[in-house]
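# Understanding the architecture of this molecule
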Amino acid sequence: MENKKIVLAYSGGLDTSIILKWLIEKGNEVIAYVADVGQDDDFKKIEEKAYACGASKVYVCDLKEEFISDYVFRALKASATYEGTYLLGTAIARPLIAKKHVEIAKENGATVLCHGATGKGNDQARFEIGYMAMMPEAEIYSPWKDPVFLSEFRGRTDMINYAEKHGIPISVSLRKPFSIDENLLHTSYEAGVLEDPANKFDPSMFKRGIHPKDAPDQTECVKVTFSNGLPVKVENLDTGESHSGSMELFCYLNELGYKHGIGIVDMVENRLMGMKSRGVYVTPGGTILHNAHNALETITLDKEVQHYKQWMASEVGRIIYNGLWFSPEMEFLMAAIDKSQESVNGEVEICLYKGNAMVTSRSSVNSLYNEGIASMDAHGGYDQTDAKGFIKIFGLRVKGRYIDETMGKGHTP
Ligand code: ARG
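First, a word on scope: everything that follows refers to the structure included in this document. (Residues numbered from 1 in each chain as written. Predicted model: local features only at pLDDT ≥ 70, side-chain atom pairs only at ≥ 80, totals over all residues. Heavy atoms only, no water.)

## With respect to the side chain of Lys64
Our working definition: Every helix listed is a DSSP run of H or I at least four residues long, and every strand listed is a run of E at least two residues long, numbered separately from the N terminus. Whether a residue is buried, partly exposed or exposed follows from its accessible area with a 1.4 Å probe, protein chains only, as a fraction of its type maximum: under 20%, in between, or over 50%, in that order. The definition of a polar contact used here is a pair of N or O atoms within 3.5 Å, where within protein one atom must be able to donate a hydrogen and the other to accept one, and adjacent residues in sequence count solely through side-chain atom pairs. The contact rule is simple, with two residues in contact once any of their heavy atoms fall within 4.5 Å.
Secondary-structure assignment places Lys64 in helix H3 (residues 64-77). We classify Lys64 as buried; its relative accessible area is 19%. At a separation of 2.9 Å, a polar atom in the side chain of Lys64 contacts the side chain of Asp36. Beyond its immediate chain neighbours, meaning those up to four positions away, Lys64 contacts Asp36, Val37, Gly38, Leu184 and Met247.

## Some points on the pairing of strand S1 (residues 5-9)
As a reminder, the rule being used: Two strands pair if DSSP finds at least two bridges between them. Look down the strands so they point away from you; if the path from the first strand over the helix to the second goes clockwise, the crossover is right-handed.
Of all five residues in S1, four are buried; the element is thus mostly enclosed. Sheet analysis places S1 next to strand S2 (residues 29-36), joined by five bridges and oriented parallel. Bridge assignment links Ala9 to a residue of S2, and that residue is Tyr33. One crossover worth recording links S1 to the parallel S2 by way of helix H1 (residues 14-25), and it is right-handed.

## Observations regarding H3
For an α-helix, 3.6 residues make a turn, and residues three or four places apart therefore share a direction. Test applied: Multiplying 1.5 Å by the residue count of a helix minus one yields the expected span of that helix.
The terminal C-alpha atoms of H3, which comprises 14 residues, lie 18 Å apart, in line with the 20 Å expected from a rise of 1.5 Å per residue. Residues of H3 that are buried include every one of Lys64, Phe67, Ile68, Tyr71, Val72, Phe73, Ala75, Leu76 and Lys77, and no others. Where H3 terminates, the next one or two residues include Ser79, which has phi positive at roughly 55°.

In structure tokens:
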């Protein structure tokens, strides 16, 4: 990679600082792009560091609002999870980071997009497929997949030596025990001692949030109001505090969620590249909204639509996880999901207590719940003797099958 104009996704950490310096040394012009998706960083310092490494320009982009409204809430509408558990905190942020990356490249006439994700993880695919979708003409440079770069940096020692030689400050957290990714939706912890799935995680690793055992002994209840599947208002039923606006209500739910130890998941997942990987995720506000939204769907969606949507939730989860946010299949499924959300209006009450976000009440003007029919005592137009014929026909296929298999063919039940 020589004599090109490159936009590098820059985090301020050792790896991307080395990549930045190294690319400049090779005669490239490098613009550093820092995406602020709500990670706890000193962006002024990162900007200064990028200039100190020789960046020709530095962009620090506040993507928080867009992240919540256009990415987190979109996944929420779909109830997307990966392998039933992971709320996709990292996976959802990557396409947005890629989108802004492309915008900066186009604005500056740069032809190369560079990121510091490793060749083992999912993030490389999420960035690169994003670039391919939005700037197909761009050249993608991924140093951790470049034999030239790899031959110079075979391990941590090579990197430290390079940093020292070039005056790149090495922070004390260099021997980071974990690989952490942080944004408004979640914080993820991987690698280090967590690599052995039998090792218990130590909650003191949490940068934000606490273990449920340290959470308050009192419950705190919130009411979330949804309009077309999107949260529009949150009220604390104990204190009367109320918030609206995507970012504001989301940050408030994060605050409550962190306080009550909500949204901690310790799981082993199957990466896009095929290997299994253990991660611990803390997704406080996202978990509260996920539970609340699902509860509202139980009364506002038709049975069959609800069942199709459950299947779609896992498909959308896989699409997002695998880096295909900007894809025809995502557009196709999201069109159906948006349609389903037209009736998802109403309120859900949720009780927060020691790691649980427990739904206690749901109501909607679009509710399909018919007390008259469901009630055990009321008659409400449902004649239970009708069930006799229904079950007779419904079960016809299985009649006699079990006996044939266990007692031999020809046996008549
Ligand atoms: N395993 C999760 C995912 O693929 C988290 C990845 C975290 N990324 C990181 N660079 N630490 O979405």
